[in-house]
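Architecture and fold: a report
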Amino acid sequence: MHILVLPGDGIGPEITDATLLVLEHVTRALSLDLTWEVQEIGIASLRRVGTTLPLSVLDACRRADGVILGPVSTADYPARHTGGINVSAELRIQLDLFANIRPSRTREGLRHWGRTPMDLVIVRENTEGFYADRNMHSGSGELMPTPDLALSIRKISASASSRIARAAFELAATRRRHVTAVHKSNVLGVTDGLFLREVRQLARTYPDISYDEQLVDSMAALLVRDAARFDVIVTTNMFGDILSDEASELSGSLGLAASINASDRHCMAQAQHGSAPDIQGQNKANPISLIVSAAMLIDWLGRRHSKADFTTAARIIETSVDAVLRTPATRTIDLGGPLGTSAFTSELCKEIDVHGVR
Ligand code: NAD
C-alpha cells in the first residue's frame, strides 16, 4: 500500500512529521506492507511553481492507495486563476470524496466540555450543499446580480443524499445501531425535504437500525446537553462542518478530532482543524488530530483490502493515544499538559513500540 503525504501550510509540516514518525513506528512494530512519499502543495508550491496544487500531485493522488493532507492556509491563498487552488476542496471534488467521516469521543481521564461523555460519528455529505465552490457544473454558486444583492445557491441532490445516507447506515451497523438525520426542513422544505426523503427511504431498508431526526439548531443544543444519546449523525455539508467542530471541542479539544474523506475507491485523511498560523513553527501544535486521521485511513485500507494487520495498526495507534493522554504529564499544551509537538510524539512512539514487543 502506498500513501501520498501532502504536509500543507502553517502547522501542517510539524504535525505531518509527527504523523509520519508514528506511521514509521507502527509499520516497524507490525511489519506492515506500507510505504509513503511526501510531495509539496500549498504556499511553498505556489512560490516554487505558481500553483498550490500542481497537476502532477493531483495525478499522484489519483494513483495512490490513500492520501494524508495537512491543513492548508486557504485564507491566505490568492485567487484561483493566479494559482490559489483550495487543495482540500479540490481533492474532495476531483476524487469524489463524498463522505466526510468525523468521530468525536471523550477519552478516559481527559476533561470534556459537554454535560455527558460521548462517542459519536458525524457523517457529512462532502460534494454539494452550501459550498459555492462545488455545487455548479461551471461557475460559482455565489453571485452578485447588483452591488447590494449577493446570493448563494445551496444544492441538494437525491443521489448524493442517498449515498451519504447509505454510508451512515453501514457505519451504524458496525456501532450502536442508531442513525440521526440533521436538517432544517422547517425553513428549507424543498432541499432538506429532498435530503430527508432519501434518508428515510434508506432507513426503511435497515430495519435493525433505529432512526430519528433533529433540527440543526436543536442538535447544537443537544450536543452540549446530552451527546451520549447519539451514535451516527448524517447531515448535509455545512451543518456537518459546523456540528463536527462543536462535537470535537465538546469531547475535549478540536486538536483530538479525526477525519477522513472517502469514496468507494479513494480515501484522504485530514485533521479537522486549520493551519493554525498563530502557533506555526513553535512546536506547540497538538498532532493528535492528523495522527488519528491517519489511523482512520489505515483502518479504511485494512477493510478495503482485507488486511487485518492494518486494522490492528489503526487500533494500536488509537489505544496508544488514549494511554499517553491518561497521564496529565504527557498531555499536549492545548489539553492543559506540558508537552510540545515533538515531545508528545516521542511519548506516543514509545507507547506504540511497547505493542511491537508484546
Ligand atoms: P484553525 O483551526 O487553524 O485555528 C483555530 C484555533 O485553534 C487557533 O487558535 C489555533 O492555534 C488552534 N489550533 C488549531 N489546530 C490546533 C492544534 N493542532 N493544536 C493546537 N491548537 C490548534 O482555524 P483558523 O485560525 O480559522 O484558520 C487558519 C487557516 O486554516 C485559514 O487559512 C483557514 O482558511 C485554514 N483552514 C484550513 C482547513 C483545512 O485545511 N481543512 C480547515 C479550517 C481552516
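Keep in mind it's a predicted model, so treat the numbers as computed, not measured.

Conventions used here
- Residues numbered from 1 in each chain as written.
- Predicted model: local features only at pLDDT ≥ 70, side-chain atom pairs only at ≥ 80, totals over all residues.
- Heavy atoms only, no water.
- Near = heavy atom within 4 Å.
- Polar contact = N/O pair within 3.5 Å; in protein donor to acceptor, adjacent residues only side chain to side chain.
- Areas by Shrake-Rupley, 256 points an atom, 1.4 Å probe, with all protein chains shown as cover.
- Nonpolar A, V, L, I, M, F, W, Y, C, P; charged D, E, K, R; others polar.
- Domains from an automatic or database assignment.
- Contact = heavy atoms within 4.5 Å.
- Salt bridge = Lys/Arg side-chain N within 4 Å of Asp/Glu carboxyl O.
- Helix = DSSP H or I, 4+ residues; strand = E, 2+ residues; numbered from the N terminus.
- Buried < 20%, exposed > 50% of the residue type's maximum accessible area, 1.4 Å probe, protein only.
- Phe/Tyr/Trp six-rings, centres within 6.5 Å; stacked < 30°, edge-to-face > 60°.

**Describing the site of the ligand**
Inspection of the region around the ligand gives 16 residues, with Thr74, Gly274, Ala276, Asp278 and Asn286 positioned closest. Separating an oxygen atom of the ligand from a side-chain N or O atom of Thr74 is a distance of 2.7 Å. The separation between a nitrogen atom of the ligand and a polar main-chain atom of Asn286 is 2.9 Å. In isolation the ligand exposes 810 Å². Once the protein is present, 66% of that is buried. Residues belonging to the shell around the ligand are distributed by class as follows: eight nonpolar, seven polar and one charged.

**Quick look at the domain arrangement of the protein chain**
Domain boundaries in the protein chain define domain 1 (1-97 + 259-358) and domain 2 (112-251). A C-alpha centroid distance of 25 Å is found between domain 1 and domain 2. On the side of domain 2, nine residues touch domain 1, which itself brings eight residues to the contact. Run the count over domain 1 and domain 2 and you get one salt bridge. For the interface between domain 1 and domain 2, the tally reads five residue pairs in polar contact (both at pLDDT 80 or more). Looking at the side of domain 1 that touches domain 2, the element that brings in the most residues is helix H4 (residues 87-94), giving three residues. Among the residues forming the side of domain 1 that touches domain 2, the class breakdown is three nonpolar, three polar and two charged.

**Examining the environment of Asp9**
Within the secondary structure, Asp9 is located in the loop between strand E1 (2-6) and helix H1 (12-30). The class of Asp9 is buried, set by a relative accessible area of 5%. A C-alpha to C-alpha distance of 20 Å links Asp9 and Val22, two positions 13 residues apart in sequence. In this view, Asp9 contacts Ile41, Gly42, Ile43, Ala44, Pro71, Val72, Ser73, Tyr77 and Ser275; residues no more than four positions away in its chain are not counted. Engagement of the side chain of Asp9 in a polar contact is seen with the backbone nitrogen of Ile43, the distance being 2.8 Å. Within polar-contact distance, the side chain of Asp9 engages the side chain of Tyr77 at 2.6 Å.

**As for the packing of aromatic side chains**
Two descriptors summarise a pair of aromatic rings, namely the distance from one centre to the other and the angle between the planes of the rings. Summed over all chains, the structure comprises two aromatic pairs. With centroids separated by 5.1 Å and ring planes inclined at 20°, the aromatic side chains of Phe169 and Tyr206 adopt a geometry described as stacked. Linking Phe169 in helix H5 (residues 158-172) with Tyr206 in the loop between helix H6 (191-204) and strand E9 (210-215), this pair joins segments that are 37 residues apart in sequence. When the centroid spacing of 6.1 Å and the interplanar angle of 40° are considered together, the rings of Phe169 and Tyr211 count as tilted.

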